[in-house]
Protein chains: 2
Amino acid sequence: MRKGELTRQAILDDAVEVAARVGLGGLTIGQLAVHTEMSKSGLFAHFRSKESLQIEVLQRAREHFIDRVMRPALATPRGVLRVRSLFDGWLRWQSTVAEGGCIFVAAAAELDDQPGPVRDELVRCEQDWLDTMAVVASTAVAEGEFRPDLDNEQFAYEMHGIMLSHHHAGRLLRDPRSEERARRALDALIASASKPVH
Amino acid sequence: MRKGELTRQAILDDAVEVAARVGLGGLTIGQLAVHTEMSKSGLFAHFRSKESLQIEVLQRAREHFIDRVMRPALATPRGVLRVRSLFDGWLRWQSTVAEGGCIFVAAAAELDDQPGPVRDELVRCEQDWLDTMAVVASTAVAEGEFRPDLDNEQFAYEMHGIMLSHHHAGRLLRDPRSEERARRALDALIASASKPVH
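So, how was this worked out
- Each chain carries its own residue numbering, running from 1 in the written order of its sequence.
- Both sets of labels track the order of writing: A upward for chains, 1 upward for ligands.
- The model is predicted, so local features are restricted to residues of pLDDT at least 70 and side-chain atom pairs to those at 80 or more, both for listing and for counting; the totals for chains, interfaces and linings are taken over all residues.
- To obtain the side-chain values, all non-hydrogen atoms of the structure were used and water was disregarded.
- Between 30 and 60 degrees the pair is tilted, below 30 it is stacked and above 60 it is edge-to-face, where a pair is any two Phe, Tyr or Trp rings, Trp via its six-membered ring, whose centres lie within 6.5 Å.
- Partly exposed residues are those whose accessible area sits between 20% and 50% of the maximum for their type, while under 20% is buried and over 50% is exposed, using a 1.4 Å probe and protein chains only.
- In this text, helices come from DSSP runs of H or I with a minimum length of four residues, and strands from runs of E with a minimum of two, each type numbered from the N-terminal end.
- Cavity: a set of points on a 1 Å grid over the protein atoms alone where a 1.4 Å probe fits but cannot get out. Pocket: an open set with protein on both sides within 12 Å along at least five of seven lines, its lining residues, like those of a cavity, having an atom within 4 Å of a point.
- Grid points are joined across faces, edges and corners, and a volume is the space filled by probe spheres set on the points.
- When residue character is reported, Ala, Val, Leu, Ile, Met, Phe, Trp, Tyr, Cys and Pro are called nonpolar, Asp, Glu, Lys and Arg charged, and the others, Gly included, polar.
- Least-squares fitting of one copy onto the other uses the C-alpha atoms of those residues that reach a pLDDT of at least 70 in both copies.
- Should any heavy atoms of two residues lie within 4.5 Å, those residues are counted as being in contact.
- The term buried area denotes the loss of accessible surface (1.4 Å probe radius) that occurs when two parts are joined, taken as the sum for both partners.
- A carboxyl oxygen of Asp or Glu within 4 Å of a side-chain nitrogen of Lys or Arg is what we treat as a salt bridge.
- Here a polar contact means two N or O atoms within 3.5 Å. Within protein one must be a hydrogen donor candidate and the other an acceptor candidate, and residues neighboring in sequence count only if both atoms are side-chain atoms.

Asks: Honestly, the packing of aromatic side chains in this entry has me stumped. Any pointers?
Replies: Aromatic ring pairs: the centre-centre distance and the angle between the two ring planes describe each pair. For the coordinates displayed, the defined rule picks out 10 aromatic pairs over all chains. Ring plane angle 45 degrees and centroid distance 5.1 Å describe the contact between Phe146(A) and Phe155(A), whose orientation is recorded as tilted. The two residues Phe146(A) and Phe155(A) agree in class, both being buried. With a centroid separation of 6.3 Å and an interplanar angle of 20 degrees, the aromatic rings of Trp93(B) and Phe104(B) are classed as stacked. With Trp93(B) in helix α5 (residues 80–97) and Phe104(B) in helix α6 (residues 103–111), this pair connects stretches of sequence that are 11 residues apart.

This is how it looks when you write it as structure tokens:
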């Protein structure tokens, strides 16, 4: 990897952390200059505009997300084990990887009313994430652990809800029981996906 | 009600709308002056600081929330009907009342890492909302519709997750099936709360 590319990634890693804390909108080249101790003109040479910086920040966060959440799940046997691995990976991701919480959760609330290429990039990330959860649920169907007529997208929708409730209860309300509640909710969701419909 | 009080409420109503769109952090007295066509000095006379404005905006939004979501639910018979009324009220709230989505959802992602009195006010609002969902679930236990050993707080946690998933899928992803999915998820949650534990 060229040195310029390494520098760029290091800057983006800093930017991901800043954005997880203050939001993508709060991320300016000026502020990033303070945080990285680089000159504003040096940063402008790397990123032409605030918008392209924001998009690259989302793309960088997505690379980390793939490495730390999706890749370990794909290394786990197909089925319920893989569903749980994905969930565990996300729990680690939002609690330890990003000090400011999940950058995607923060950006979702921030950008939902702001049309444009940054929102479009975020929608791609989030749609892929929901698709991943649905596909992993389908491996549990294929393995015979989940019932054959399971609506995988519905499963992903509800699994996502548990994650968002945990992000809210854990980070905003600082509820010490939130992770335990999230795990119980996932257990109930998995149990209901495992039973035949009455 | 005195005229000054009416003016204050009208300004706050505008501010709630602005904050639902751009976030509480994006709400400045200068921006509100443009939106309300009032002078900045006039607004400063009403609200001493940006922080006190933000707190009053949350309190005003909470009054609307009580009127439009909680009050209709309390007028519904205790039990599952009331759980459904609360959920329906929230669906209406986030889709029609506030054009920019739910101000509390937006503020949660924005303020979770920003300690201070505005965050404290939001935490009070959100804790009360979760408590309300738990109490309404307990009326269904008392009426014999939910099983006697139901963990009401867990029920509220999961119900909240469905709402947050809908806010995300409906507003960010613009998934036309999101409301239908949210209703199916609530049906499943109610069904599981109605059954004895095995």
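Anyway, onward from the coordinates.
Asks: Would you mind showing me how to read empty space enclosed by the protein here?
Replies: Gaps left between atoms are located by rolling a probe of water-molecule size over the structure's atoms. Enumeration according to the criterion identifies 2 cavities of 30 Å³ or more in this entry. Space inside the largest cavity adds up to approximately 240 Å³. Forming the boundary of the largest cavity are 17 residues, of which Val105(A), Ala109(A), Leu164(A), Val105(B) and Leu164(B) lie nearest the centre. Of all the elements in the fold, those that place two or more residues in the lining of the largest cavity are α6 (103–111) and α8 (152–172) of chain A together with α6 and α8 (152–172) of chain B. Tallying contributions element by element places α8(A) first for the lining of the largest cavity, with 5 residues. Along the lines of polarity and charge, the residues of the lining of the largest cavity split into 10 nonpolar, 4 polar and 3 charged. If you add up the space inside the second largest cavity, you get close to 60 Å³. Taken together, Phe65(B), Trp90(B), Cys102(B), Phe104(B), Val105(B), Glu126(B), Trp129(B), His160(B) and Leu164(B) make up the full set of residues lining the second largest cavity. Breaking the lining of the second largest cavity down by element, the ones donating at least two residues are α6, α7 (117–142) and α8 of chain B. Here the residues of the lining of the second largest cavity sort into 7 nonpolar, 1 polar and 1 charged.

Asks: Is there a simple way to think about the relation of the copies chain A and chain B in this case?
Replies: Each of the two copies of the chain can be brought onto the other by a rotation about an axis and a shift along it. Note on the copies: chain A fits chain B at an RMSD of 0.0 Å, the axial shift is 0.0 Å, and the rotation between them is 180 degrees. The operation mapping one copy onto its partner corresponds to a two-fold rotation axis. Of every C-alpha in chain A, the one belonging to Gly161(A) sits nearest the axis of rotation, 2.0 Å from it. Most of the interface of chain A is mirrored in chain B, where 98% of its interface residues again form contacts.

Asks: Would you mind showing me how to read the interface of chain A and chain B here?
Replies: On the chain B side, the residues contacting the 42 residues of chain A number 41 residues. When the two sides are added together, the surface that chain A and chain B hide from each other amounts to roughly 3500 Å², 53% of it contributed by carbon and sulfur. By the criterion of area lost to chain B, the three top residues of chain A are Tyr157(A), Leu172(A) and Arg181(A), representing 21% of everything that side buries. At the boundary of chain A and chain B, one finds 10 salt bridges. Among the ionic pairs, Arg181(B) bridges to Glu153(A), the shortest N-O distance being 3.3 Å. Applying the counting criterion to the chain A and chain B interface returns 24 residue pairs in polar contact (both at pLDDT 80 or more). For the side of chain A that touches chain B, the elements supplying multiple residues, two or more each, are α1 (3–22), α6, α7 (117–142), α8 and α9 (178–194) of chain A. Here the element with the most residues in the side of chain A that touches chain B is α8(A); it accounts for 15 residues. Here the side of chain A that touches chain B is built from residues that sort into 16 nonpolar, 11 polar and 15 charged.

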